[in-house]
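Single-letter residue listing:
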Amino acid sequence: MEDMAQAHVRIRPYREEDRPGVLALAPRLAEGVAAWRDPGAAVRAAEGWLAGSVAAAGERRGAVFVAVRGSRVVGVVSVDRQRHFTGDKDAYVGELAVAPDAVRAGLGRRLMAAAEDWARDQGLRHLTLETGAANTTARRFYAALGYTEESVRLARSLDRAVQTRLS
C-alpha cells in the first residue's frame, strides 16, 4: 500500500533542472550486473544511458518521466521506439530506477504506467525492456506487471580467475 509520503509524489515529464537528480539514480541501474563485470563501468554506462535518453526526449525521439517528491527526483523511466527483429516497431523502456528510500511504494508501477501511456499514444502495440538475469527483484516486479520473458542473452567470462571464483 502506498505510504502517505509517496502519495505526494508527482509523475511528470522530465525537465532540464531534473538532470542532477536523474543522473544520481544511475547506481540503481547497475544493480544485478553479473559478478565478473566491473561495477564502476556499469554505473558509468548507466549515466550514459540516462544522458542519452534525456537527449532523445529533448529531440522528441522518446520520452523521460520523473517521479518528484517536493523538488527531489525519486524515480525515472525512459521510453523510446525500437525495431524488433521481426520488423515491428515497439516501445522500449531503456531505464527505470527508483531511489532506495522510495522503493515499494508504487512509484515503479506509476512510472511504468506513464511509459505505457506514452507508447499507446504513439500507436505502439508492445513495450519491451531488458534487465539483468541476476536482478531477481526487477524480474519479479516486471512479471507482476504482466511482462513475460521473450529472449535470453547468455554470457560467459573467459577469464580463468573469474571462472575459478564462480565454480
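The shown structure was predicted, so the numbers you read here are calculated from the model rather than taken from an experiment.

**What to know about the side chain of S53**
Assignment of secondary structure puts S53 in helix α4 (residues 39–58). Residues within four places of S53 in sequence aside, it is in contact with V64, S78 and E95.

**Observations concerning the sheet that holds strand β3 (residues 72–83)**
With mixed pairing, five strands are arranged side by side in an open sheet as β1-β2-β3-β4-β5. Unpaired on one side and paired on the other, β1 (9–13) and β5 (127–129) mark the two borders of the sheet. When strand polarity is set aside, the average angle formed by the axes of neighbouring strands in this sheet is 25°. Pairing geometry for β1 and strand β2 (residues 62–69), over five bridges, is antiparallel. Directly across from R12, in β2, lies its bridge partner V66. Across the sheet, helix α5 (residues 107–121) touches β1, β2, β3, β4 (89–98) and β5, and the angle it forms with β4 is around 155°.

**Focus: α4**
Compared with an ideal rise of 1.5 Å per residue, which puts 20 residues at 28 Å, α4 spans 29 Å between its outermost C-alpha atoms and is within 8% of the ideal. Sitting at the amino-terminal end of α4 is D38, which places a side-chain oxygen 2.9 Å from the backbone nitrogen of G40. Downstream of α4 by a residue or two, R60 has a phi angle that is positive, lying close to 60°.

**Focus on the packing of aromatic side chains**
Counted under the stated rule, the structure contains two aromatic pairs. Seen from their ring centres, F141 and Y142 are 5.1 Å apart, and the 65° between their planes marks the pair as edge-to-face. Here Y142 and Y147 contribute two aromatic rings whose centre-to-centre distance is 6.0 Å and whose plane-to-plane angle is 75°, an arrangement assigned as edge-to-face. When sorted by exposure, Y142 lands in the same class as Y147, which is buried. These aromatic residues form a ring-pair network of at least three members: F141, Y142 and Y147.

**Side note on the pattern of salt bridges**
Following the criterion strictly, the structure yields nine salt bridges and no others. Between E116 and R120 there is a salt bridge; the shortest N-O distance is 4.0 Å. Of this pair, E116 and R120 are both found in helix α5, four residues apart, which corresponds to roughly one turn of the helix. Overall, the relative accessible area of 22% leaves E116 in the partly exposed class. The class of R120 is exposed, set by a relative accessible area of 53%. A salt bridge links D117 to R120; the shortest N-O distance between them is 3.1 Å. Of this pair, D117 and R120 both sit in helix α5, three residues apart, which is roughly one turn of the helix. For D117, a relative accessible area of 43% corresponds to the partly exposed category.

Cut-offs used in this document
- Residues numbered from 1 in each chain as written.
- Predicted model: local features only at pLDDT ≥ 70, side-chain atom pairs only at ≥ 80, totals over all residues.
- Heavy atoms only, no water.
- Helix = DSSP H or I, 4+ residues; strand = E, 2+ residues; numbered from the N terminus.
- Contact = heavy atoms within 4.5 Å.
- Pairing = 2+ DSSP bridges.
- Axes fitted to C-alpha atoms, helices over the stretch in contact; angles between N-to-C directions.
- Expected span 1.5 Å × (residues − 1).
- Polar contact = N/O pair within 3.5 Å; in protein donor to acceptor, adjacent residues only side chain to side chain.
- Phe/Tyr/Trp six-rings, centres within 6.5 Å; stacked < 30°, edge-to-face > 60°.
- Buried < 20%, exposed > 50% of the residue type's maximum accessible area, 1.4 Å probe, protein only.
- Salt bridge = Lys/Arg side-chain N within 4 Å of Asp/Glu carboxyl O.

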